[in-house]
Amino acid sequence: MSHFDPTSRTWFGPRQPPVINPAASIGQVIVNILERTPDKLIQIDADTGEEYTCDKLRLQMIRAALNLAQTFKISKGDMVCMVVDNRSCVTSILFGCFLIGAPVHTLDASFQESDLVHLMGITKPKLVFCTEQSLSTVQSSIKLAKFEAQVVVLDGSDKQMRLFEPHDGEKLYRPPYIGDSDRTTAVVVCSSGTTGLPKAVCLTHAQLIAPYTMISHMGSNTMLCFSSLYWISAFQMLLLTVFNGFKRVTTSRPFSPAYACELVMKYEVTNAFVPPPMLADIVQYCEVRQLALPTLKTVGCGGSSLPDALKQRANALMPNGRVYVGYAMSETGGIMALDLFQKPNSVGILMPNVSMRIATDDGTLLGPDEEGEILIRYIHPFVGYYGNEEATRALLTEDGFIRTGDVGYFDKTGFLFITDRKKEMIRYRGYQIAPAQLEALLMEIPGVGQAVVVAVPEEKPPHVDLPAALVVRSTGSKVSEHDILEHVHAKVPDYKRLRGGVFFVDSLPRTANGKCNRREAKKLLPV
């Protein structure tokens, strides 16, 4: 259970040394684990039926590492970007990059040009992997971001085939030690601050290794996760699979409740991860058809709040399992709290080697049942945002705690509750939407004088946040909701649409320093 130290006013999870050495490089760890059970089935491609044993995956990742170095001239420290879906070959390529010490910046295949220009412009990768569908967007984004990169298409192209060609050095290959695992970046994932566009979060080799304190190859569990590697949850599920010898089902097809249930039943899936909106879709689909999912033992859920009523409905569909809610953020690399012991509306107790505090806006530390901002410190520290030292400094307290922007409290028994978000970033079905980006588009429209974007809850469960625009027309303007939606939706991907609507107001409230007061602006929305 979580323990409170009244002197430091800090909550602690249990102190527990990781089973796998976090001082090693992640590539060393993965090869070592795969060598232990070479004939065990570890990955199944649901799209093609192709199966991967541990030995096949090990050999492919080694070939990828050797060919990345020899054919593509990628070496330690060279940034590699993946704008990909969840197809099976991605695992081998990612692990190959780990072996040579090339940090990997992961982006989603659905991203459009504006997202890619910003995000790839931060890391300026030397090599970019993408799909045939996203090739033209990737190429134009590279040009607009003004850097040069090799591009490899993952649809059976000649370059992809060369990546997995046999290599003379593969039989005697031993994974190298890349360097200080607490300082060496393994992957770069995306996160966001309270305003502006996403930032590039650097995660170290140690952060990827250390959270997995239970390692076992004794079971025959099967994992399903639709998330692409853009989300930290996808890394967590991938490494959980490899470290514990699970089978992993991969698919490049998009999520639907029907397809998810089909895969669960076909492959007898025991472990899955879904964000709350997907869970709600699955629950509704099963309830209407009176379906049960008896093979499921655990369903991990996170990324946004999960109503307790939805959680109980989901549990009713799993006679041999239940939903587990986790609390994490990209900067920590792992799950920080988990509801191992259920308490309604709580995200559970602290995981091993995690420290948390609850603080007021002025930094005063609070005790049990007192609400404030959640501060997190993990034993393996956050090393920073790529190319953004100012944002890194702003995130951390002087003694290394991360300011999460989330509001919550611990009860007297050590259970953590999340009650609100200080962050202005809007979450919609796992994606994060920057209000400032939408506001910039709104201000391009003739007749729009002022605009602010806020989150409104969806009317139907699970009540996810929807971006809505509050607009002040210019004098004499007759700009309509249709005009605004047409302009914005033509320039953003589907998940950034103004699903919450457009509302016209006479003026927008401001803070003392002249900025729009979003909290007060939200009160202008019709009830």
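Residues numbered from 1 in each chain as written. Predicted model: local features only at pLDDT ≥ 70, side-chain atom pairs only at ≥ 80, totals over all residues. Heavy atoms only, no water.

Draft legend 1. Region of interest: the environment of Ser507. With respect to the secondary-structure elements, Ser507 resides in the loop between strand 26 (501-504) and helix 15 (518-522). Each C-alpha atom, one on Ser507 and one on Leu524, is 9.7 Å from the other, the two residues being 17 residues apart in sequence. (Helix = DSSP H or I, 4+ residues; strand = E, 2+ residues; numbered from the N terminus.)

Draft legend 2. A look at the sheet that holds strand 8 (residues 150-153). On the basis of which strands lie adjacent, the open sheet formed by six strands has the order 8-7-5-6-9-10 and mixed pairing. Bordering the open sheet on either side are strand 8 and strand 10 (199-204), each of which pairs with just one other strand. The sheet shows a mean angle of 25° between the axes of neighbouring strands, taken without regard to direction. One ladder, built from six bridges, connects strand 9 (residues 185-191) with strand 10; its direction is antiparallel. Each residue of the ladder has a partner; that of Val189, found in strand 10, is Val201. Helix 5 (residues 135-145) contacts strand 5 (80-84), strand 7 (127-130) and strand 8 of the sheet and is inclined by roughly 155° relative to strand 7. (Pairing = 2+ DSSP bridges. Axes fitted to C-alpha atoms, helices over the stretch in contact; angles between N-to-C directions. Contact = heavy atoms within 4.5 Å.)

Draft legend 3. Examining the sheet that holds strand 25 (residues 465-473) more closely. If you trace the three strands from one edge of the open sheet to the other, you get 24-25-26, paired in mixed fashion. Where the open sheet ends on each side, the last strands, each with one partner, are strand 24 (448-457) and strand 26. Averaged over all pairs of adjacent strands, the angle between their axes in this sheet comes to 25°, without regard to strand direction. Bridging between strand 24 and strand 25 involves nine bridges; their strand directions are antiparallel. Note on strand 25: the bridge partner recorded for Val448 is Arg473. The sheet contacts of helix 13 (residues 435-442) involve strand 24 and strand 25, and relative to strand 24 the element is tilted by about 145°. Each of strand 24, strand 25 and strand 26 touches helix 14 (residues 481-489); the most contacted strand, strand 26, lies at about 135° to it.

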